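Working through the structure, step by step
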Amino acid sequence: MFETAVLVETLVKAVIVVAVVAGMAGFATFIERKVLAFMQRRLGPMNVGPYGLLQLAADGIKLFTKEDIVPQNAVKPIFMIAPVIAATTAFVAMAAVPYFPEFTLFGYVIHPIISDINVALLYVMGVASVGIYGPLLAGMSSANKWSLLGAARAVIQMLSFEVVTGLSVLAPIMMIGSLSLIDINDYQVGGITHWLIWKQPLAFILFAMAGFMETNRAPFDTIEFEAEVVAGYATEYSGMRWGLFFIGEYANMITISVLVSILFMGGYNSLWFIPGAVMMLIKVSFWVFLFLWVRAAWPHIRPDQLMWVCWKVLMPLAVVNILITGFVLI
Amino acid sequence: MQKVNRLKPFFENIAFEREDNHMIVNFGPQHPSAHGQLRLILELDGEKVSKATPDIGYLHRGMEKMAENMIYNEFLPTTDRMDYIAATANNYGFALSVEKLIGLEVPRRAKVIRMMLLELNRISSHLFWLATHALDVGAMTIFLYTFREREYTLDLIEDYCGARLTHSSVRIGGVPLDLPKGWIDGLNKFINHLPLDIADYEGLLDQNRIWKMRLEDVGIVTPEQAQSWGCSGPMLRGSGIAWDIRKEEPYELYDEVEFDVPVSTTCDSYGRYKLHMEEMRQSVRILKQLIPMYEETSPEIMAHAPQYISAPKEQIMTQNYSLMQHFVLVTQGMRPPVGEVYVATESPKGELGFYINSQGDPYPYRLKLRAPSFFHTALLQEILVGEYLADVVAIIGNANIVFGEIDR
């Protein structure tokens, strides 16, 4: 009986998380257009619905009704499954992420986390790095040279940022002594001064930069930057297959925003009179906005410079940070 | 199953199968940053370019041959389609060469108006250059910022001649219209605000770490290379050679206005970026001096040469001889004396030259266009080797090539 209840609860949560995050990912595209537009002295989508709000629906209809083209020389099974990998991993990563503080609904105590596993952080990062298989396989199976270049860039990008992400979160983990995101959150109870960002500023910056790389956002959007590699790995994709890549990317963006908020910015702890859930929303929105802001403001970086930054600047800094944290802890 | 008869591309990927892992890619003509119709055949070693072959001709319209079958006035609107970012510069180059051929002296007011249009075109072209260049490097906001100011230059030109892209606002012998009422005020407003806008762009880009990383020491053109490949304009001045035809062989009233020729000695893309910014400031400086000069001139705007140029409209409608002359000039065209002429002007992209060989007919016997971008495209095969694919885009954008004038 108990097991059935847990199963049902988990299933319902999973469905809700996927639905809400997919919706948010769609909405994020709208927000992105609007924010970029206002930063660039224009209005963005305005014609479909009030303030262009229905543009989302229009885009969805367009993506679903477009012809699904598979190039003649492509490796068909891999070509067709690659976008699914990209989207799935983005959502699977969210299983171990707590979004809000627990609350009571109809007498049940609900934990807004699908599964509180004790290695949550490791799990999220692991799944997220599996996500790179999406672009990689897509690029290699497309039978297109630009796609291949995009795939090659995806690999070097992954090789570069994975190390930085891993090393940068090590220092906070050493202080907290747990990989569970709930423990990390609880470690930071007690107002702004208890946020890890003050204790681990360097790790915070490194992790944020790696987050930008992981989500392929500017200035590290090397793998699909259209001026160089046409559309990178997605050159040959059309319709909803391309849309899946897109949703995956935006879902990743939201996951990273949630992760940064929990790891360094106090998570869903309430602050002053603001309840925890609202704090979480504010922080995630701020991070999504920051992603867009950076895109509007910065040119983008060359792949070899990306590797240079990761291996010669960020990684040594992360190692030094771990050393210092270790000495302080001892 | 039926075997599909596939067309094999000319540069089939043979090299990719070899052991050295080189890959040949077609960069263009459909590539998003091919700047029109450039086709670069790149041999890539990983992301490094080991060989680059620019292939042009996808926009070829045979303008030089067309000119041989057109009377001089007919050909003038065709020149609009060369460097379509700064159409007046082409109109002007052609008009000036025909004027030199027939030895025509243009009224002073027409000269001032022409110079105003030329400098506005230079500003518009440089703004467009910055927009596309920044977009290629990934700074998309600059693109939309510069396009607003470019819109103002186009508005001014539209107010003057009615067209925004293909102006044809310069005629052989002068300009067709005087400046409309209030135009000078609009110009004043624009040139007073532009330096602030340029400062805005520089604020976004100058000290931007990534912008500097992407441009500094990228696309280095040594002075020797620049000279031997026939570079001109900002590409030449970006290599430390102070050569501006407006200063060296002044045409119009460029010897009466004060302006500096900015030079960059770093020879890289960042230096050329700074150079373009400075050139816009110099253009503003020239425009500022032109406004009082305009007010001092007499209202005449077309040269008086009944043999070549139609009389003013009023005269055509009232005087029999002028009407006859106009009829002959329109139906048969002017007949310049036998001779040949080469006239070079400083277009926003560099030395834009027109060579005309006249046999005394209404049609030129031979017309040769020397477009600056053509030489800059040729240079690509030397400076791209050893650069990364991402830099290829930055360098192409930086070289400011416009395919209208390369393919003609």
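Keep in mind it's a predicted model, so treat the numbers as computed, not measured.

Describing the overall build of chain B
Looking only at helices and strands, chain B has 16 helices and six strands in total. By the compact-globule yardstick of 22 Å for 408 residues, chain B fits well, its C-alpha radius of gyration being 23 Å. For chain B, the spread of C-alpha atoms along the principal axes amounts to about 80 × 55 × 45 Å. Burial analysis of chain B (408 residues in total) assigns 47% to the buried set. Considering only residue pairs separated by 6 or more positions, chain B has 68% of its internal contacts joining residues 24 or more positions apart.

Looking at the overall build of chain A
Scanning chain A from terminus to terminus reveals 13 helices and two strands. For 330 residues, the compact-globule formula gives about 20 Å, and the C-alpha radius of gyration of chain A, at 20 Å, lands near that figure. With respect to the principal axes defined by its C-alpha atoms, chain A has extents near 60 × 50 × 50 Å. Put simply, chain A has 330 residues, and 45% of those count as buried. In chain A, the proportion of contacts linking residues at least 24 apart, taken out of those at least 6 apart, comes to 79%.

Thoughts on the sheet that holds strand β5 (residues 350–358) of chain B
The strands making up a sheet associate through backbone hydrogen bonding, with each pair oriented either parallel or antiparallel. All names here are of chain B. Taking strand neighbours across the sheet as the criterion, the three strands line up as β4-β5-β6 in an open arrangement whose pairing is antiparallel. With one partner strand each, in any of the chains shown, β4 (339–347) and β6 (366–370) form the two edges of the open sheet. The sheet shows a mean angle of 10° between the axes of neighbouring strands, taken without regard to direction. Looking at chain direction, β5 and β6 are connected through five bridges and run antiparallel.

A short note on the interface of chain A and chain B
Taken together, the contact pairs 23 residues of chain A with 25 residues of chain B. Of all the elements in the fold, those that place two or more residues in the side of chain A that touches chain B are α6 (145–176), α10 (226–229), α12 (276–297) and α13 (303–329) of chain A. Split into classes, the residues belonging to the side of chain A that touches chain B amount to 13 nonpolar, three polar and seven charged.

A closer look at unusual backbone geometry
Residues and elements named next belong to chain B. Non-glycine residue serine 168 carries a positive phi angle of around 50°. Tracing the backbone through its elements, the reader meets serine 168 in the loop between α5 (140–161) and α6 (183–205). Unusually for a residue other than glycine, arginine 408 sits at a positive phi of about 50°. Inspection of the secondary structure puts arginine 408 in the segment after α16 (403–407). Assessed through the 23 C-beta atoms surrounding it within 10 Å, arginine 408 is described here as buried.

As for the sheet that holds strand β2 (residues 39–45) of chain B
All names here are of chain B. Strand order in the open sheet formed by three strands is β1-β2-β3, and the pairing between neighbours is antiparallel. Single-partner strands in this sheet number two, and they are β1 (22–27) and β3 (48–55). Within this sheet the neighbouring strands show an average axis-to-axis angle of 20°, counted without direction. Bridge count between β1 and β2: six bridges; the pairing is antiparallel. The residue bridging phenylalanine 27 from the neighbouring strand is leucine 40, located in β2.

Regarding the domain arrangement of chain B
All names here are of chain B. Segmenting chain B into domains produces domain 1 (15–55) and domain 2 (63–407). At the interface, 17 residues of domain 1 touch 19 residues of domain 2. Mapped onto the side of domain 1 that touches domain 2, the elements with two or more residues apiece are β2 and β3. In terms of residue count, the dominant contributor to the side of domain 1 that touches domain 2 is β3 (seven residues). Residues of the side of domain 1 that touches domain 2, tallied by class, amount to eight nonpolar, six polar and three charged.

Let's talk about α5 of chain B
Residue and element names in this part refer to chain B. Taking 1.5 Å of rise per residue, 22 residues should cover 32 Å, and α5 covers 31 Å from first to last C-alpha, within 8% of that figure. Where α5 is concerned, the buried positions are Met140, Ile142, Tyr145, Thr146, Glu149, Tyr152, Thr153, Leu156, Ile157 and Tyr160. Contact partners of the buried residues in α5: α4 (108–137) and α6. Following α5 by one or two positions, glycine 162 adopts a phi angle in the positive range, close to 95°.

Overview of the packing of α4 of chain B against α5 of chain B
Residues and elements named next belong to chain B. At a closest axis distance of 8 Å, the pairing of α4 and α5 adopts a crossing angle of 160°. As judged from the angle between their axes, α4 and α5 are roughly antiparallel. For the pair α4 and α5, the sense of crossing is left-handed. Touching Leu117, Leu120, Ile123, Ser124, Leu127, Phe128, Leu130, Ala131, Ala134 and Leu135 of α4 are Met140, Ile142, Phe143, Thr146, Phe147, Glu149, Arg150, Thr153, Leu154, Leu156 and Ile157, all from α5. Considered class by class, the residues forming the contact of α4 with α5 number 16 nonpolar, three polar and two charged.

Examining the nonpolar core
The biggest cluster of nonpolar side chains holds 206 residues, and the ones touching the most others in it are Val97, Val124, Ile254 and Leu263 of chain A together with Val392 of chain B. Element by element, the count of residues in this core is highest for α4 of chain B, at 17 residues. Inspection of this core shows a minimum of three residues originating in each of domain 1 (15–55) and domain 2 (63–407) of chain B. If we skip the residues at most four places from it in the chain, valine 392 of chain B touches Phe27, Leu42, Val49, Leu384 and Glu387 of chain B.

With respect to the pairing of β5 of chain B
All names here are of chain B. Both β4 and β5 contribute to a ladder of nine bridges, which runs antiparallel. Its bridge partner lying in β5, valine 341 is registered against isoleucine 356. The loop that links β4 with its antiparallel partner β5 comprises two residues.

Points about the environment of alanine 89 of chain B
Residue and element names in this part refer to chain B. Relative to the elements of secondary structure, alanine 89 occurs in helix α3 (residues 87–102). Residues alanine 89 and threonine 345, 256 residues apart in the sequence, show an inter-C-alpha distance of 8.2 Å. Residues within four places of alanine 89 in sequence aside, it is in contact with Asp83, Leu118, Asn121, Ser347, Pro348 and Leu352.

Comments concerning helix α13 (residues 320–331) of chain B
In this model, α13 of chain B (twelve residues) spans 17 Å end to end at C-alpha, consistent with the 16 Å of a helix rising 1.5 Å per residue. Of all twelve residues in α13 of chain B, one are buried, a share of ten percent or less.

Calculation notes
- Residues numbered from 1 in each chain as written.
- Chains lettered and ligands numbered in written order.
- Predicted model: local features only at pLDDT ≥ 70, side-chain atom pairs only at ≥ 80, totals over all residues.
- Helix = DSSP H or I, 4+ residues; strand = E, 2+ residues; numbered from the N terminus.
- Rg over C-alpha atoms; globule rule 2.2 N^0.38 Å.
- Buried ≥ 20, exposed ≤ 12 C-beta atoms within 10 Å, placed from the backbone.
- Contact = placed C-beta atoms within 7 Å.
- Pairing = 2+ DSSP bridges.
- Axes fitted to C-alpha atoms, helices over the stretch in contact; angles between N-to-C directions.
- Nonpolar A, V, L, I, M, F, W, Y, C, P; charged D, E, K, R; others polar.
- Domains from an automatic or database assignment.
- Expected span 1.5 Å × (residues − 1).
- Parallel < 35°, antiparallel > 145°, perpendicular 65-115°, else oblique.
- Left-handed = near helix turned anticlockwise from the far one by under 90°.
- Core = buried A, V, L, I, M, F, W, Y, C linked by C-beta atoms within 7 Å.

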